[in-house]
Each structure stands twice: as structure tokens, then as C-alpha cells.
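# Architecture and fold: a report
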Amino acid sequence: MNRPDWLKDAVFYEIYPSSFYDGNGDGIGDLNGIRQKLPYVKELGCNALWLNPCFDSPFKDGGYDVRDYKKVAPRYGTNEDLYALFREAHELGIRVLLDLVPGHTSEEHPWFLESGKAERNAYSDRYVWTDFWIKGTPGHPYIGGETPRNGTYMLNFFKCQPALNYGWAKVTEPWQTPADAPAARATRDAMADVMRFWLEKGCDGFRVDMANSLIKGDDDDKSYTCALWKGLLGELRAEFPESAYVAEWGWPRQALCSADFDMDFYLDHPGNGYNRLVRSADAYLKGNDPLPFVRDYLDRYGISRDKGYISFITGNHDTPRISWYLTEEQLKVGYALLFTLPGVPFLYYGDEIGMRYLSTLPTKEGGYTRTGSRTPMQWAPGKNLGFSSGEPDSLYLPVDRAPDAPTAEEQARDPNSLLNTVKAILRLRHRFPDLQADGSFEILHARKDDPLLVYKRGTLTLALNPSDKAVKTELTGTPLFQIGTYDKGILGPFSFIVS
Ligand code: NOJ
């Protein structure tokens, strides 16, 4: 498989910059805070970062409403701080992916301000506009009445996020531009320019927001959007051969095989394999039947295994935290599975200590139900749980106030903690290439109404029992790694072994 070599052993850590570590005491996380915590990431066993958008923004959608793609948001620091972060991360063997939001900008982006002017200019076609003030964009949300321009503009997500124009697969209206028109090409080139800007400064690639939704109109099989990415990524790879790209797509047949991304997230979509593994009422990791997960996963894996990597996630900034669904015992074996499957896994900050989903928090910066997964990292007992030296009421979001809120410092001292279990699993993964992204994979045992899952990675056999009852296995010998109990073929409740 022709993917950057470093991905084989990569384990990513996703950081929501506002909430990781406040380096200057103003109550909000920042880049210098992240720099200070790089050794923690390294010790955890992660060797790559994905930073959620850290660019200048009005923050009406947590920074996914970019006002300037080439400028670090002042609340996070300066561009120089980010360059220093790249350097220091690299010194520790950690790669850094930034978040690229190619589908839309903030309504405050200078391109959009120009685009909304009545007179034609270089940015008139940068966004998707109709040609009359009360004519909408069929099938897509749109806004009128906000600009001098005689037209309405299409939205990609929130009201503050006008859709950039990459053209239409099939043109049916005079105001639509074909996907191969100069206007669409100009948007694509502008995005390539943004990517190049950061790659030249030392970033190692991008997580790409809503990567599947660039070209509008009858691109149901996504062939136009895929062709765009394949071309664009090919161009960048020629210049930055080590760069890597992960798509927010959730469909490897398109994202990996056609669009040529290196990695594609296994997203939490109702009823899909990831959902049935981790989050549905009858999820496998809650002690149920593994088959719904296994079937969906094998299908995706089979299609894409020679093309690129499926990325399992513990969660992300859009989902309730994984601890909302699983107990600590289930999390330990669940992480063992997530981190020993093929592909490149992503760990969401705080999931390594089982941070809780704070479901009743009021919305912050467009977070809504996602806000409860974006609270400050819990470093140590005491003031603000070690997140910030600022006053508690100055914090971006409150820390978990529960008396038993987990912290990294306490868990580091407890050999049986979730944190130390995660570290042990990741050490194991780094030790055995068979357990890494490319190692072969085969299911040996997955049956209906049976919580035992046995799978092979290269020469290693792995067995998992996420239920509260012991199960009998056909395995013999002494495990080289173990969570929970195992004796003479009997795998205890919430247990996992590698042999
Ligand atoms: C997906 C991102 O993960 C989410 O946080 C954001 O709100 C939307 N895309 C819009 O950019």
C-alpha cells in the first residue's frame, strides 16, 4: 500500500485546543499549553496529533467557521507558536495534523464579504449564489437578504457557514457553475494554497472536515468530489511525500479507494458497525453479540484494506464521550480492541482517563449537545483540575465538578487505572508490527449470542470478552498480554488476552 510509512505505527491524539491546557492563565487552552503537554502525549503512547481548527474565527461553530485560514486565532497564540509546536512535536517523534475546513468559511471571511458585493469581482463565484434575491438553492439551506448582491447563498452547515463553490456535477440552472469551470478550479487552488502554506511551515497533513460534500448537485456517487480530492492530494503529495490526510467521510470505498485519502474515520452513524460496536443500546462492548459490528466492519475492511486505513475513534468533539456508554471495565477491553484492529486509531483527549460527558452544560460556541464532550482536560486534583491557573469563573467551560472526577495525575499513580491500561495497550501495539495498521487480520470466532470475539493479527491471537460472565475459549498457552482474568482457556468477565 502506497501510504506514508509513519502511519503504520501511528496512534493519533485529538486535541480540542480550547480545552487542553491553558498556558497563560486566561481561562482558555492555547498552543503554548499544548506544547507544555507534549511529553504527556508521548508518554501516553500517541505519536501524532490532530488539532481541531486553531485559526482566526468568530467561533460560532467552535472554529469550524474560519475567518482567516492562514492565521492562528489570537486566543490560541500566534503563528510562531504553532511553528514552534510543529518543531517541538517533531523532536519528540510526534506528527501534527491540522484541521482543514474546505467546504465553507465564516460569513466574516474576506472572500465572502467580497462575494456578497453587488459589483462583480474576483470572489463573486467563490461561493454558491443564485441569481435572484428570492430564488433559493433547491434541496439545500440558503440565506437571502444579508448582502447587497441580487441572489441568495447556499449554506453548508450553520447559518454562519456559506458554502464554497467547487461547482456542480450536473448543471441545471444558469447560476450553477460546472465542476470544471475556472471559478470552481479557483476555489480548489485557493484551498491547495492554504494546505501548502501550513505544510511548508512543518505541519504533517490534515484532517479534512466534511470531505465528501464539496461538489454540489447530483454527485450522489461522489465521483466528482472524489476526483477533485485525488487530484489535489496527488499534487500535494508530490511536494510533501510524508504528508498524510484523514477524511471525515465514513465510507472507505469512496474516501480511500476513489478520493485517495490515507485514512477515513469510522464515524458514529446510527446502525453502522462502529455504532453497534460502541454506542448502540445493544453494542458489542456492552457484552452483546459481535456480529452486527463484525459484518459491517469486514465489508469495509475487505474493500479498502489494500488502499488505505480505517480509523477507529474512541470519540471526537462531535460525539458524547465514550464513557457515557461504557463502564470503566468495558472501556479497558474496548480500548484493547479499538487499538489492536487494523488501521490508524484516534484517541480523543481525556478518553484515556474516562472523562465524563457533561450532558447538562449549556451550549458554547455552537456546541449544543457536543459541549459536554469539550470540557477542560483534567490534569490533577485541585484548582480547575490543573487545567488553568485562572479563576474558575473565567474558564472557557467549567471543569467536571464531580468529587470523583478522574485526573491524569491520580491515574498515573494507580497501576490498574484506565490511563495505565491505555499506556500498556499502546506499548503493546508499538512493540508488535503485527498489531499495527498494516498487519493481517482475520476473525477466528464471532457467533450469534456469544460475547467471545477471537481474531488473529499476523502471528498473534487476540480474544475479548466484554460481558460480565466468563466464557470458554479454545485457546491454550500463556498470554503475553492480559486485561482481567484468564485461566486454562476460560476468559473471565471484561477480559482480553493476546497470545
Ligand atoms: C464536522 C465537524 O466535526 C463539526 O464539529 C462541525 O460543526 C461541522 N463539520 C461543520 O464544519
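What counts and what doesn't
- Going along each chain's sequence as written, the residues are numbered from 1 onward.
- Where totals are concerned, whole chains, interfaces and linings use all residues; where local detail is concerned, this predicted model gives features only for residues with pLDDT of at least 70, and gives and counts side-chain atom pairs only at 80 or more.
- Note: side-chain values were computed over all heavy atoms of the structure, leaving out hydrogens and water.
- The rule for a residue being near a molecule or strand is that one of its heavy atoms must lie within 4 Å of it.
- Nitrogen and oxygen atoms within 3.5 Å of one another constitute a polar contact, given that in protein one can donate a hydrogen and the other can accept it, and given that sequence-neighbouring residues count only through two side-chain atoms.
- Surface accessibility in these figures is a Shrake-Rupley result with a 1.4 Å probe; residues are shielded only by whichever protein chains are displayed.
- Gly falls in the polar group here, along with every residue not listed as nonpolar (Ala, Val, Leu, Ile, Met, Phe, Trp, Tyr, Cys, Pro) or charged (Asp, Glu, Lys, Arg).
- Stacked, tilted and edge-to-face pairs are distinguished by plane angle, under 30 degrees for stacked and over 60 for edge-to-face with tilted covering the rest, among Phe, Tyr and Trp rings (Trp via its six-membered ring) whose centres lie within 6.5 Å.
- The rule for a charge over a ring is simple: NZ of Lys or CZ of Arg within 6 Å of the ring centre, and within 35 degrees of the ring normal.
- Helix and strand assignments come from DSSP, with helices taken as H or I runs of at least 4 residues and strands as E runs of at least 2, each series counted from the N terminus.
- Working rule for helices: expected span equals 1.5 Å times residues minus one.
- Each residue is assigned to one of three classes by its accessible area relative to the maximum for its type, calculated with a 1.4 Å probe on protein chains only: buried under 20%, partly exposed between the two thresholds, exposed over 50%.
- What the arc describes is the spread of directions from the helix axis to the C-beta atoms.
- The contact criterion used throughout is that any non-hydrogen atoms of two residues lie within 4.5 Å.
- Pairs of strands are assigned from DSSP output, requiring at least two bridges between the strands.
- Each patch groups residues whose relative accessible area exceeds 30% and which form no salt bridge, using 9 Å between like charges and 5 Å between nonpolar side chains of Val, Leu, Ile, Met, Phe, Trp and Tyr.
- In the sections that follow, a salt bridge refers to a side-chain nitrogen of Lys or Arg positioned within 4 Å of a carboxyl oxygen of Asp or Glu.
- Lines fitted to C-alpha atoms define the axes here, with helix axes fitted over just the stretch in contact, and angles between the N-to-C directions of these axes take values from 0 to 180 degrees.
- An angle below 35 degrees is read as roughly parallel, one above 145 as roughly antiparallel, one from 65 to 115 as roughly perpendicular, and any other as oblique.
- Should the near helix be turned anticlockwise from the far one by less than a right angle, the crossing is left-handed, and should it be turned clockwise, the crossing is right-handed.

### Considerations on the site of the ligand
The ligand sits among Asp61, Tyr64, His104, Phe157, Arg207, Asp209, Met210, Glu248, His317, Asp318, Arg370 and Arg374. One of the side-chain nitrogen or oxygen atoms of His104 is found 3.0 Å away from an oxygen atom of the ligand. Between an oxygen atom of the ligand and a side-chain N or O atom of Asp318, the distance comes to 2.5 Å. Against a free-state accessible area of 300 Å², the protein chains account for coverage of 97% of the ligand. Of the residues contributing to the shell around the ligand, the split by class is 3 nonpolar, 2 polar and 7 charged.

### Here we look at the packing of aromatic side chains
Under the criterion given, the structure shown has 39 aromatic pairs. A centroid spacing of 6.0 Å and a plane angle of 50° characterise the contact between Phe132 and Trp133, whose relative ring orientation is tilted. Ring pairing ties together the aromatic residues Tyr266, Tyr274, Phe293, Tyr297, Tyr301, Phe312, Phe441 and Tyr455, which thus form one cluster. The ring of Tyr21 is capped by Lys37, whose NZ or CZ atom sits 4.5 Å from the centre of that ring.

### A word on helix H6 (residues 223–239)
The end-to-end C-alpha distance of H6 is 25 Å, a good match for the 24 Å that 17 residues give at a rise of 1.5 Å each. Looking only at H6, the buried set comprises Thr225, Cys226, Leu228, Trp229, Leu232, Leu233, Leu236 and Arg237. The buried residues of H6 occupy an angular sector of 155° when the element is viewed end-on, so they sit on one face. Looking at the buried side of H6, the elements it contacts are strand S5 (95–100), helix H5 (182–201), strand S8 (205–208), strand S9 (244–247) and helix H7 (252–258).

### Examining the pairing of strand S2 (residues 48–51)
Of the two faces of S2, the one carrying Ala48 and Trp50 and the one carrying Leu49 and Leu51 are both buried. Both strand S1 (residues 12–15) and S2 contribute to a ladder of 4 bridges, which runs parallel. By the bridge assignment for S2, Glu14 is matched with Trp50. Bridge count between S2 and S5: 3 bridges; the pairing is parallel.

### Points about a nonpolar patch on the surface
A cluster of nonpolar residues, Phe132, Trp133 and Ile134, forms a patch on the protein surface that exposes about 350 Å² of accessible area. As for its position among the elements, Trp133 is in the loop between helix H4 (110–115) and strand S6 (142–143). Of the residues examined, Trp133 reaches a relative accessible area of 52% and is grouped as exposed.

### What to know about the sheet that holds S2
The 8 strands are arranged S11-S10-S9-S8-S5-S2-S1-S12 in an open sheet whose pairing can be described as parallel. Each having just a single partner strand, strand S11 (309–311) and strand S12 (346–348) make up the two edges of the open sheet. Strand after strand, the sheet turns through a mean of 25° between neighbouring axes, direction not considered. Sheet analysis places S1 next to S12, joined by 3 bridges and oriented parallel. Within S12, the position partnered with Glu14 by the bridge is Tyr348.

### Thoughts on the packing of helix H3 (residues 79–91) against H5
Two elements in contact, H3 and H5, have axes separated by 9 Å at closest approach and are oriented at 60°. Here H5 runs oblique to H3, going by the angle between their axes. Each of Asn79, Leu82, Tyr83 and Phe86 in H3 lies in contact with H5, whose residues at this interface are Phe197, Trp198 and Lys201.

### A look at the pattern of salt bridges
Counted under the stated rule, the structure contains 43 salt bridges. Asp204 serves as the salt-bridge partner of Arg95, at 3.8 Å between the closest nitrogen and oxygen. Linking Arg95 in strand S5 with Asp204 in the loop between H5 and S8, this pair joins segments that are 109 residues apart in sequence. A relative accessible area of 22% means that Arg95 is categorised as partly exposed. Judged by relative accessible area, which is 9%, Asp204 ranks as buried. Between Asp351 and Arg321 there is a salt bridge, with the nearest N and O atoms lying 2.9 Å from each other. Taken together, the residues span a long stretch of sequence, with Asp351 in the loop between S12 and helix H11 (408–413) and Arg321 in the loop between S11 and helix H10 (328–338) at a distance of 30 residues. A relative accessible area of 1% means that Asp351 is categorised as buried. Through salt bridges that share partners, Arg185, Arg188, Asp189, Arg196, Glu235 and Glu239 make up one connected network.

### Quick notes on the packing of H10 against helix H12 (residues 418–431)
Put simply, H10 and H12 touch, their axes get as near as 10 Å, and they point 15° apart. Judged by the inter-axis angle, H10 sits roughly parallel to H12. With respect to the hand of their crossing, H10 and H12 are arranged in right-handed fashion. Across the interface between the two elements, Glu328, Leu331, Lys332, Tyr335 and Ala336 of H10 pack against Leu418, Thr421, Val422 and Ile425 of H12.

### Here's the deal with the sheet that holds strand S15 (residues 460–465)
Pairing in this open sheet of 5 strands is antiparallel, and the strands run S13-S14-S15-S20-S17 from one edge to the other. Among the strands making up the open sheet, the edge pair consists of strand S13 (442–446) and strand S17 (481–483). Averaged over all pairs of adjacent strands, the angle between their axes in this sheet comes to 10°, without regard to strand direction. Where S13 meets strand S14 (residues 453–457), 4 bridges bridge the pair, whose relative direction is antiparallel. Each residue of the ladder has a partner; that of His445, found in S14, is Val454. Relative to the sheet, H12 contacts S17 and strand S20 (495–498), its axis offset from that of S17 by approximately 155°.

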